[in-house]
There are 2 protein chains.
Amino acid sequence: MTLFNHPMLAFLSAGEADTLPLQMLVVFGFAKLLAEAAQRLRMPGIVGGLVAGAVIGPSGLGWIQYGELLHAMAELGVMFLLFQVGLEVKASELLRVGKVALLSASLGVALPFAAGWAIMAAAGHPRIESIFMGAAMVATSVGITAHVLASKGVLSHRTAQVILAAAVIDDVLGLLVLAVVSSMAKAGGADWAGLAVTTAVSIVFVVAVAKYGTRTAGIVVPRLTQSLRLDEAEFAVAVTFLFLMAMVAAYSGVAAIVGAFLAGMVLAETASDHLHTLVRGAGELMVPFFLASIGLQLDTAVFRSGSTIALALAILAAAVITKWIGCGLGAISLGYQDASRVGAGMVPRGEVGMVVAQVGLAAGAISQPVYGVAVFMAVMTTILAPPVLNFLYKGVPAGPRPTPPSVELG
Amino acid sequence: MTLFNHPMLAFLSAGEADTLPLQMLVVFGFAKLLAEAAQRLRMPGIVGGLVAGAVIGPSGLGWIQYGELLHAMAELGVMFLLFQVGLEVKASELLRVGKVALLSASLGVALPFAAGWAIMAAAGHPRIESIFMGAAMVATSVGITAHVLASKGVLSHRTAQVILAAAVIDDVLGLLVLAVVSSMAKAGGADWAGLAVTTAVSIVFVVAVAKYGTRTAGIVVPRLTQSLRLDEAEFAVAVTFLFLMAMVAAYSGVAAIVGAFLAGMVLAETASDHLHTLVRGAGELMVPFFLASIGLQLDTAVFRSGSTIALALAILAAAVITKWIGCGLGAISLGYQDASRVGAGMVPRGEVGMVVAQVGLAAGAISQPVYGVAVFMAVMTTILAPPVLNFLYKGVPAGPRPTPPSVELG
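The written sequence of each chain sets the order in which its residues are numbered from 1. Written order determines the labels here, with chains lettered from A and ligands numbered from 1. Predicted model: local features are reported for residues with pLDDT of at least 70 only, side-chain atom pairs are reported and counted for 80 or more only, and whole-chain, interface and lining totals are derived from all residues.

The next thing to look at is the relation of the copies chain B and chain A. Superposition of the copies was done by least squares, using only C-alpha atoms of residues whose pLDDT is at least 70 in both. Superposition of chain B onto chain A requires a rotation of 180 degrees combined with a translation of 0.0 Å along the rotation axis, giving an RMSD of 0.1 Å. As the rotation angle and translation indicate, the two copies are arranged about a two-fold axis. Considering only C-alpha atoms, the part of chain B nearest the rotation axis is B:Ala282, at 2.0 Å. Once C-beta atoms have been placed from the backbone, residue pairs whose C-beta atoms lie within 7 Å are recorded as contacts. Comparing interface residues between copies, 100% of those in chain B also lie at the interface in chain A; the contact surface is shared.

This is the structure we're talking about:
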């Protein structure tokens, strides 16, 4: 972020007054204002945060630039977002998950990935860029899906259970895809032996943590927390562990957010409600900076080219259709109507799709126009899903279960 | 913060890996580790956070430098710390507060302020520097006081009630003193008319917010929060208001943290327990960066001069004695023993004293050695008080009231 030098705010930057509160106010306040506007237009609030970045950023009013401080705050934000998602994912529940959810998630990952790769390759894009687009099309956002189902009061419906379970598996598969793909980007597509090692290291890291981390943490964390005299010892242990796992992930060649997600999943079984709320507070503060930073990086100029617009529409159509059909086919044993609900519920991509695009952009694996297309796809699937779900769940009575705050991550 | 270039960490900075998680881990992890160590030595955890900064900073291991990012995170941390303190201060309770607490707080503000000013003036320091030292000696830390009383289980004792009420008044008086003093530092000590205007503006701002803010917020905030469809609308409104008030304060010539404190106090009457916990989560994440940043700025070299050591010991002795006697005299109607407990309970200065010193340093009003003396005073009063309280409360039975998490701000 830079100081304000926009004419409209010039009166504010007179003198030597501390400008940090104003910068925080503009980013946080706009993100929340437009999140509210998005909610009123029946869209997830996450869309508002993204648009806020575009509005106040270089492609809009030009009040805020993307600099070192905002980059760091955005990274903290996305680490806390994925840590929160991880805290909702109990490894033990993953192991108990039904065939329907697993099949639905797997087909819902394979089809979009293949379609994205194929469309990009057919359009003549480089191999690594095509793979990144496929990867960006993989991950359904647990938060957005859960938010829509909770606000409709149908979380107790059997399709909602399948969607939630499948979305969790999908998230793990998507993060695995991201781990592999980001190490491919780092290897430069040439050093295949190194790539195999990197991939193996990242898979071993992920699988070892997922398989043994929870059991170990289940023994170590409660004892450690209880033995500490520190205030809010559980939060201190959890956040230190989050930063530790993010660091290990980063130095293992995996994205830091993979470590953040795994840290959350490892702690999911033992985390208290109080820890959930504290982490949510930290996330509520930091996540708007992540969302805004994505909008800030959006270059609307990419949509001036006709071929980019055509690519964006093709990718969007493929993202919707392949996820809907893939997840629906996996859940066809529930009957046509419920399979369709599951498929539609899995359509919204969100932060994870944009994270993949951001990782690809940062690694130089994808170009600015392709990044714009991926962000367009992630935002539009998120915008399109809620009204479709509204239609498909018409007549389904709202269940007795109250909206649990812990799954409202959108 | 800069990248790690210390030999011990050189292996980590090889390659282009993302170093932010490592930086966060070092600052947050060390702050929590030493906070735990401090607790085990029967000191408030806040001391550990300060020492952590000194250990990892330029005067210690040299792993972390004080740069733009850490400065911003530290400022966010102190804004959330004072916002949290504000949330504990209900303006309505301030108005209902007993004579004992008011008298105790007032004498406990006046005596240290006068003593600090006098000692500095006698030692030949400039007027503004002398006044700043007096101001730094004013504020008792609510958090540290409450933490000590809660951990001893004597929060229901009548002296504890007086200490808590007096500490709240003391905090407000201390922030008023800071407002006046920081505007004096800005005026440069020459423009008396401008100073009078600035002082008037800051007092009007503070008084208007304290007097009318709560009533207005009591009507506006719940309606606004209820009308919003945003997730965690109360948090979004509260934090936007926090940044808004901090900005208005900064542009009114008052420190941003004064605005943060007032924002908290305005919302104290209407804040839900859920908001308290969310804000606490954000604070738990950010405050260690504030504490560490103070330690990072500590220059141990100042204590190589004999005259500085003499000044530091004189200021520390005055800070302990004047607060103890001032607050004790104000509470003498409770009898000698309880008056002594009240006085001792008010001795620990904490974050507020260091904030005053930091404001003075940033404004160029105080020199580095005097800043070092103020930090020494704030840290040492905090370290000395708990064992003294331990002795004075020997034989007082622990009350039935459980430790309330909302007052544990240390």
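After presenting the structure, the write-up continues.
Residue and element names in this part refer to chain B. Axis definition: a line fit to C-alpha positions, over the contact stretch in the case of helices; interaxial angles, taken between N-to-C directions, run 0 to 180 degrees. Only DSSP runs of H or I reaching four residues or more are called helices, and only runs of E reaching two or more are called strands; each is numbered from the N terminus. Contact geometry for helix α3 (residues 68-88) and helix α11 (residues 256-268): axes closest at 7 Å, N-to-C directions at 30 degrees. The interaxial crossing formed by α3 with α11 has right-handed handedness. Residue-level inspection shows Val78, Met79, Leu82, Phe83, Gln84, Val85, Gly86, Leu87 and Glu88 of α3 in contact with α11, the latter providing Ala256, Ile257, Ala260, Phe261, Leu262, Ala263, Gly264, Met265, Leu267 and Ala268. Each residue is assigned to one class: nonpolar for Ala, Val, Leu, Ile, Met, Phe, Trp, Tyr, Cys and Pro, charged for Asp, Glu, Lys and Arg, and polar for all the others, Gly among them. In the contact of α3 with α11, the residues fall into 15 nonpolar, three polar and one charged. By definition, turning the near helix anticlockwise from the far helix through less than a right angle yields a left-handed crossing, and turning it clockwise yields a right-handed one.

The partner chain A presents 46 residues to the 46 residues of chain B that form the contact. Elements supplying a minimum of two residues to the side of chain B that touches chain A: α1 (20-40), α3, α10 (233-251) and α12 (273-297) of chain B. With 12 residues, α1(B) is the single largest residue contributor to the side of chain B that touches chain A.

Residues and elements named next belong to chain A. How sure the predictor is of each residue is captured by pLDDT, a score from 0 to 100. Per-residue pLDDT for chain A averages 79, and the proportion of residues at 70 or more is 79%. The least confident element of chain A is helix α4 (residues 91-95), whose mean pLDDT is 60; the most confident is helix α13 (residues 306-330), at 94. Under a pLDDT of 50 for its full length, residues 1-16 has, in the predicted model, 24 contacts with residues more than four places off or in other chains. Segment residues 401-410: pLDDT under 50, and 27 contacts once partners within four positions in sequence are set aside and those in other chains are kept. Overall fold confidence for the complex sits at a pTM of 0.75, while the interface term, ipTM, reaches 0.75.

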